[in-house]
Amino acid sequence: MAKKSKFQAIKGTRDLLPPETALWNRVEQTAHEVFATFGFGEIRLPIFESTELFARAVGLETDIVGKEMFILDREYDNKTSSDLGHLRETINFMVVSSANQQSIDSFRQALSKFLVEYQEALHEGLVYQYEHAHVSVAHLAEALSGFAGLLELPRADNRWQDLFDKAVYDCKEYLGHILLEGTNALRPEATASVCRAYIEHNLQQLPQPVRLYYLGPMFRRERPQKGRYLQFYQIGAEVLGGSDAPAIDAEVIEMVMVFFDKLELQGLQLEVNSIGCRDCRPRYVELLRTELLKVKDQLGPDSQRRIETNPLRVLDSKLESEQPIIATLPHIADHLCEDCAKHYAAVKQHLELRGVIYRENWRLVRGLDYYMRTTFEITAQGLGSQNAVCGGGRYDGLVELLGGPPTKGIGFAIGEDRLILSLQEGNKTQPKQTRDVYIAWMSEQAYATAVRAAKDLRNAGFRVELPPTEQKFGKALSQADKLGAKYALILGQDEVAEGSWTLKTLADGTQTKFTEPDLLEHLRKSR
Ligand code: HAM
């Protein structure tokens, strides 16, 4: 067995290798082509941006911002923040074990000390002042008190141990999200960046709406599993400015479906919903909160917390025991204001006009704060529990929230990793063929001809393997086979002398002789 190398890709990240990368390229090429037919142009964005951009756009109560962002450190600018930074590092390195009471006590004491000293420093203006500092503090305080509460419970089962591990993890994550200095973060998504760019480059001066798309890696500190990575790839598109006509929502959704159809992605399910606007949603959220408080005792700790922070997110819950309770909650569709109800009805009509098949899902609220009205999600086959391959929605007002003019917006992002997984499951992968022609040359005299043949074939667009050293005939053919070549071009002394080359089709073993120009013609035709 090969010795394991000391260095391996970090868990949750991965190398993408050939031939799989050919499939990635095909997917991306199809995106470029399809999106261009809908009038979209590509935008390339930085991989990291100010942490606060994401905090403000995506929302503080979301998991993405609250605990999943990769925040990049900067130099501390004074002694107080530096001392707090060191204390934080010490806490992060603590190994906390449920079997070791002393480790638990030290962890809790150090966290409490951090909280007290940080709040004092914040008050006195000795650390970085930022908009949502109080929310970061509240998160950490809540995580710490959740941990304390857990320690009071009987420790009988594995579930308790899981909760213990999660509580320690949460404390460290929320601790990490207190900004001791202005920081940048690896982008967890790109809608915020597109809006930032729209403002920065005055794109509102262009004919509206502006249609942009992007491809690239995103970063979220999630627990890795099939279809969920720390570094993953998105293909996304945004329509900014102009009107909020329901036809725009429908066309954006139609475009994703056309793209998926082109790729022959199987088992697609499109779900749509409307989550209302600034007028009607708060009323619904209050109603939901009231109803949830009545059944609070029957809900798990996450949902209980969300009753206060963001009751809509309770609808997202996958917890088995909560499903019958959620089923009895009021539906948002019954509480939309007149304009939102009309908009939602029109979006559905426009989808039908375009022949897009959808299902309504009143529980589809999405995990990012910027959405309003239309939300949608698409699932595909073969992905297990992480089966959302695309998510999106309308976010009128986000540009304004980031300091720009009032602007309408709608868009989506496709999880490219999941898209590829689903294509592979559906056997829609390209054949494993990685070469068209393997040039089996024998003898020094044949080599110059082989080099010329390789050049001509490559110029004509064929994928050619030219072995660098002479091989025996049998070895050459088996090598051609292993590489999945379609043909072997046999060039021995005789072939070169006669000017008549032998082409062997590897699938059936047939051989045909060709002159040099005829060979190229034949290969072109059989492409
Ligand atoms: P999102 O739902 O957070 O939306 O992500 C979109 C898609 O990215 C998901 O449906 C999933 O396929 C993929 N994805 C998310 N996290 C991971 C992960 N850890 N590993 C693998 N794939 C993942 C957004 O990001 C919004 N910016 C979409 C949007 C654009 N809304 C409006 N415009």
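Data block above holds the structure.
Here is a short report on the structure shown in this document. (Residues numbered from 1 in each chain as written. Predicted model: local features only at pLDDT ≥ 70, side-chain atom pairs only at ≥ 80, totals over all residues. Heavy atoms only, no water.)

Structural notes on the overall build of the protein chain
Formally: We count a stretch as a helix when DSSP gives it H or I for four or more residues in a row; a strand needs E for two or more, and each element gets its number in order from the N terminus. The contact definition used throughout considers only heavy atoms, calling two residues in contact when any of these lie within 4.5 Å. Residue exposure ignores everything except the shown protein chains as possible cover, and the areas themselves are Shrake-Rupley values with a 1.4 Å probe. Charged residues are defined here as Lys and Arg on the positive side and Asp and Glu on the negative side; His and the ends of the chain fall outside this count. Throughout, a charge is located at the NZ atom of Lys, the CZ atom of Arg, the CG atom of Asp or the CD atom of Glu.
The secondary structure content of the protein chain amounts to 19 helices and 16 strands. Counting only C-alpha atoms and orienting by the principal axes, one finds that the protein chain spans roughly 90 × 60 × 50 Å. Nonlocal contacts in the protein chain, meaning residues at least 24 apart in sequence, comprise 73% of its contacts between residues at least 6 apart. Total accessible area on the protein chain stands at roughly 26000 Å², and carbon and sulfur atoms take up 51% of it. Looking at the protein chain, you have 63 positive and 73 negative side-chain charges, and the mean spots of the two groups are 4 Å apart.

Observations regarding the packing of aromatic side chains
The condition is simple: Each Phe, Tyr or Trp ring, with Trp reduced to its six-membered ring, pairs with another whose centre is within 6.5 Å; inter-plane angles below 30 degrees give stacked pairs, above 60 give edge-to-face pairs, and intermediate values give tilted ones. Two thresholds decide whether a charge sits over a ring: the Lys NZ or Arg CZ must be within 6 Å of the ring centre and within 35 degrees of the ring normal.
Applying the stated criterion across every chain, the model contains 14 aromatic pairs. Ring centres of Phe 35 and Phe 412 lie 6.1 Å apart, and the angle between their planes is 80°; this geometry places the pair in the edge-to-face category. Pair noted here: Phe 35 is in helix H1 (residues 20–37) and Phe 412 is in strand E11 (residues 409–415), with a separation of 377 residues, a long-range link. We note Arg 14 situated over the ring of Tyr 229; from NZ or CZ to the ring centre the distance is 4.1 Å. Looking at Lys 348, its charged tip hangs above the ring of Tyr 344, at a distance of 4.1 Å from the centre.

Digging into the nonpolar core
Where a protein is soluble and globular, its nonpolar side chains tend to be buried together. Under the convention used in this document: Throughout this description, the term nonpolar core refers to a set of buried Ala, Val, Leu, Ile, Met, Phe, Trp, Tyr and Cys residues connected via side-chain atoms within 4.5 Å. Each residue is assigned to one of three classes by its accessible area relative to the maximum for its type, calculated with a 1.4 Å probe on protein chains only: buried under 20%, partly exposed between the two thresholds, exposed over 50%.
Membership of the largest hydrophobic core comes to 132 residues, with the highest contact counts inside it found for Tyr 118 and Phe 259. Dropping the residues within four chain positions of it, Tyr 118 is found in contact with Leu 84, Val 127, Tyr 128, Tyr 130, Ala 133, Val 137, Ile 178, Leu 179 and Leu 180. Membership of the second largest hydrophobic core comes to 19 residues, among which are Ile 439, Ala 454, Leu 457 and Leu 491.

What about the pairing of strand E14 (residues 487–491)?
Under the convention used in this document: Note on pairing: two strands pair once DSSP finds at least 2 bridges between them.
In terms of burial, E14 is largely enclosed, as 5 of its 5 residues are buried. Of the two faces of E14, the one holding Tyr 487, Leu 489 and Leu 491 and the one holding Ala 488 and Ile 490 are both buried throughout. Pairing between strand E12 (residues 437–441) and E14: 5 bridges, direction parallel. In the strand pairing of E14, Val 437 is matched with Tyr 487. Where E14 meets strand E15 (residues 501–505), 4 bridges bridge the pair, whose relative direction is antiparallel. In the sheet register, Ala 488 faces E15, and the bridge partner there is Lys 504.

As for the sheet that holds E14
Basically, it comes down to this: Simply put, an axis is a line fit to the C-alpha atoms, just over the touching stretch for a helix, and the angle between two N-to-C directions goes from 0 to 180 degrees.
Spatial strand order, E13-E12-E14-E15-E16: 5 strands in an open sheet with mixed pairing. Among the strands making up the open sheet, the edge pair consists of strand E13 (464–465) and strand E16 (511–514). Lying over the sheet, helix H17 (residues 473–482) contacts E12, E14 and E15, oriented at roughly 170° with respect to E12. Sitting on the sheet, helix H19 (residues 516–525) touches E12, E14, E15 and E16, and the angle it makes with E15 is about 25°.

Looking at the environment of Ala 141
Looking at where Ala 141 falls in the secondary structure, it is placed in helix H6 (residues 133–152). For the pair formed by Ala 141 and Leu 111, sequence separation is 30 residues and the distance between their alpha carbons is 9.0 Å.

What about the site of the ligand?
Just so we agree on the cut-off: Throughout, near means a residue has at least one heavy atom within 4 Å of the molecule or strand. Nitrogen and oxygen atoms within 3.5 Å of one another constitute a polar contact, given that in protein one can donate a hydrogen and the other can accept it, and given that sequence-neighbouring residues count only through two side-chain atoms. The residue classification treats Ala, Val, Leu, Ile, Met, Phe, Trp, Tyr, Cys and Pro as nonpolar and Asp, Glu, Lys and Arg as charged. All others, Gly included, are polar.
The full set close to the ligand counts 27 residues, and Glu 189, Glu 222, Glu 238, Tyr 371 and Ala 388 are the nearest of them. In this structure, Glu 189 approaches the ligand through a side-chain N or O atom, which is 2.6 Å from a nitrogen atom. For the ligand, an oxygen atom lies 3.4 Å from a polar atom in the backbone of Gly 415. In isolation the ligand offers 660 Å² of accessible surface; the protein chains occlude 96% of this area. Of all the secondary structure elements, the ones that give two or more residues to the shell around the ligand are strand E6 (231–240), strand E10 (388–394) and E11. Here the shell around the ligand takes 6 residues from E10, the largest share from any one element. Its residues assigned to classes, the shell around the ligand comprises 12 nonpolar, 8 polar and 7 charged.

Let's talk about the pairing of E6
Burial analysis of E6 places 8 of its 10 residues in the buried class, the great majority of the element. Relative to E6, strand E5 (residues 210–219) runs antiparallel, the two sharing 10 bridges. Note on E6: the bridge partner recorded for Phe 219 is Gln 231. Strand direction decides the pairing type here: E6 and E11, joined by 7 bridges, are antiparallel. The partner of Val 239 across the bridge, within E11, is Ile 410.

Observations regarding unusual backbone geometry
In this chain, Pro 18 is followed by Pro 19 through a cis amide linkage whose omega measures 5°. Residue position: Pro 19 is located in the segment before H1. Between Gln 208 and Pro 209 the backbone carries a cis peptide bond, its omega angle lying at -5°. Residues other than glycine seldom take positive phi values, yet Asn 202 does so here, at roughly 50°. With a relative accessible area of 36%, Asn 202 lands in the partly exposed category. Although it is not a glycine, Ser 443 sits at a positive phi angle of roughly 90°. With respect to the helices and strands, Ser 443 occurs in the loop between E12 and helix H16 (444–459). The exposure class of Ser 443 is buried, given its relative accessible area of 13%.

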